[in-house]
Amino acid sequence: MIYSENILVCIVIPLLIAALFNRKGTRRFLLAFAIGMISCLLSAYITGYVQFLTGITPEEMSAFYSPILEEIMKLMPLLFYLFVWSPKTSSFFSAALGLGLGFATFENCCYILSYGAENISYVMIRGMAVGIMHLVCALALAFGLTSARQFRVLSLPAVIGSISLSMVFHGLYNMLVSKPGLSSVFGYALPLITAVAVYFPFRSMLNREAESGSKETKP
Amino acid sequence: MEIDWFDLFSTLLQIAVVAFAVIKIVPQMRRSGKSVILVFLLYAFICLLLSDIYWISLSVVHPDERLPFSISDVADIGEQLMLASALGVIFRGIKCRKRLELILTIVASIGLIVLWVVWTDEWIKNILGGISYGYLMFMVVLSDKKTNAFNRIEAIIVWCVSFVCLVLSYPLRWELADDLLIPAIFFYPLMLILTVWFFYKSIVAVRVLTKHRENRMENARRAIAVSTSALIWIRCSAYVSDGIPFTVFDFANTLIIPFILFSVLYHERVRREEASKGGAAV
C-alpha cells in the first residue's frame, strides 16, 4: 500500500511555490500540471468506489472502465477553464498539455512506488507509453473543444464527441497492454506512433494561429 | 470463441474505408484552414476507426469478455454526436419549422430504445446509444427538410416503411407471434428495398455534383442530406437485425461512407471558393 495523498502533497507544494515566481504562461502550465495530478488522485478514488459498488475485478476495471472515468476527470478542469476564463487557443493547449502530463506523471509515480523500478527498460517503456498516451488524449480533447468554440458551436454533443475520442484512444491502449504478448507491444507503440503522426499538423496549426495572432495585433 | 469470418471481413473493410476517409480529410483541413465541419467529420471517422480496431483487438486479446457497456459503445456515441454536430454546422443558416420532425424522431427513438433494451437486456448502453442515434436522426431529418432532399410522397413512404419495420421487428425479436414467418417475409425484403432505393438516391445526388456546375452549394447540401439519410436508415436496419441480414446492412453501412465523404469534401471546396470570391462562408 502506498500513501498517494502524501506523494501528491510532496510534489504539488514545490510546484505551487515555483508557480509564484514565474510569469503567466509558465505559471499556467505549472498549475495545470498540479491540477492534472489532483485529477489523477480523484479519478483513482472514484475508480475504487465504482469497483467496490459493481464488484468488477481490478484488471477489468483498469482495462475497460477506468479510461471513461479518467477522461471525464481530465475534461472537468479543462471545461471549467474554457468557460470561466475563455483563454486563447494557445493558452488552452498549454493548459491541456500540463494537465495531461501531470495526470501521467502522478500515475507513473504511484505505479513505480507500488511495483518497483528495478527494470529500467520496462520503466522507460511505461513512462513513454503512458506519458504520451495521456498527452495525446489531452491534445485530442483540447483540439475538439477549441475548434467548436472558435466557430461558436461548442454544444453538449460536440463536447461529448470530443471526449469520446480520447476515451476510445485511452481504452484501446489500456485494453492492448492488459495482457502480455504481442498485443502489449502494439499497445506500448500506439501512443508514440500517434504522437509522431499528430506532431507536424499540430505544429503547423499552432504556427498558423501565431501568425494570425501577430497579424491581428499589427496596426 | 468461433470467428465470424463475414463479420471480420466487414469490419476490416470498414477500417480500410474509414482510414482512407481520414487520410483524405487531413490535407483538406490544411488547405481550408481550420474548418469545424471537417474537424467534426474527422473526429467522427476516427471514433469509428478506433471502435472497429477496438472491437477486433478485444476479440483477439479478451475473446470471452463481453461487457454491458464497452469503449466501442462510447466510440459509437461519439461518432454519431460528431456527425450530428457537423450536420448542425452545415445547415445552421437555413431556418424551418421542426415540430413534426421532432415528434417523429422522438417516437422512433423511444421505439428503438425499448426494442433494444428488451432484446439485449442492456440498459445503459442502449439508452445512451439510442439518445445519440435519435439526435443524429433528428439532425438528418431536419437537413432533409431544409434541402428538400425528398419530396412529400417519398418522405411519407420512408416514414411509413420505417414504422412498419419497427412494429414488425417486435414480434420477430421477442418471438411473440405464433407464426414468425409473416413478419419475416415482409421485414427483411422491405428494409432491403428501401436500402437499395437510398443508395440509388445517393448515387443520383452525387452524380449531380459531378455533372452540374450551377447551384453547387445547394446540390452539395442535398447530397449530404441524402447520403446521411441513407446512413441512418442502414444503421436502423442493422440494429434491428441479426445474423446474415446484420452483416449485409453492416456492409452497406461501410459502402455509404464514401458518399458522405465526397459530398462533404465537395461542400467544403465550394465554400472555400465562395469565401475566396467574397461570398458568405459557413
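Procedures and definitions
- Residues numbered from 1 in each chain as written.
- Chains lettered and ligands numbered in written order.
- Predicted model: local features only at pLDDT ≥ 70, side-chain atom pairs only at ≥ 80, totals over all residues.
- Heavy atoms only, no water.
- pLDDT = per-residue confidence, 0-100.
- Contact = heavy atoms within 4.5 Å.
- Buried area = accessible area lost by both parts, 1.4 Å probe.
- Salt bridge = Lys/Arg side-chain N within 4 Å of Asp/Glu carboxyl O.
- Polar contact = N/O pair within 3.5 Å; in protein donor to acceptor, adjacent residues only side chain to side chain.
- Axes fitted to C-alpha atoms, helices over the stretch in contact; angles between N-to-C directions.
- Helix = DSSP H or I, 4+ residues; strand = E, 2+ residues; numbered from the N terminus.
- Parallel < 35°, antiparallel > 145°, perpendicular 65-115°, else oblique.
- Left-handed = near helix turned anticlockwise from the far one by under 90°.
- Nonpolar A, V, L, I, M, F, W, Y, C, P; charged D, E, K, R; others polar.

J.: Would you explain the confidence of the model for chain B in this entry?
T.: For any part of a model where pLDDT is low, the fine detail of the predicted coordinates should not be relied upon. Overall, the prediction assigns chain B a mean pLDDT of 85, with 91% of residues at 70 or greater. Taken over the whole predicted complex, pTM reads 0.89, whereas the ipTM for its chain interfaces reads 0.86.

J.: Is there a simple way to explain the interface of chain A and chain B in this structure?
T.: Contacts between the two partners involve 39 residues from chain A and, on the opposite side, 33 residues from chain B. Roughly 3,100 Å² of surface becomes buried between chain A and chain B when both sides are summed, with 74% attributable to carbon and sulfur atoms. Across the chain A-chain B interface, the total number found is zero salt bridges. Applying the counting criterion to the chain A and chain B interface returns four residue pairs in polar contact (both at pLDDT 80 or more).

J.: Is there a simple way to think about the packing of helix α3 (residues 58-85) of chain A against helix α4 (residues 89-115) of chain A in this case?
T.: For any two helices packed against each other, the geometry comes down to the angle between their axes and how far apart the axes lie. Residues and elements named next belong to chain A. Their axes nearest at 11 Å, the elements α3 and α4 cross at an angle of 150 degrees. Comparing the axis directions of α3 and α4 gives the class roughly antiparallel. The way α3 lies across α4 gives a crossing that is right-handed. Between α3 and α4, the residues in contact are E70, K74, P77, L78, Y81 and L82 and S91, F92, A95, A96, L99, F103 and E107, respectively. Taken together, the residues of the contact of α3 with α4 break down into nine nonpolar, one polar and three charged.

J.: When you look at the packing of helix α5 (residues 120-150) of chain A against helix α6 (residues 156-177) of chain A in this model, what are you seeing that I'm missing?
T.: Residue and element names in this part refer to chain A. Interaxial distance between α5 and α6 falls to 8 Å at its minimum, and their mutual angle equals 165 degrees. As the angle between them shows, α5 and α6 are arranged roughly antiparallel. Of the two possible hands of crossing, α5 and α6 adopt the one that is right-handed. In this structure, α5 contributes A129, V130, M133, H134, V136, C137, A140, L141, G144, L145 and A148 to the contact, and α6 contributes A158, V159, S162, I163, L165, S166, F169, H170, Y173 and N174. In terms of residue class, the contact of α5 with α6 is built from 15 nonpolar, six polar and no charged.

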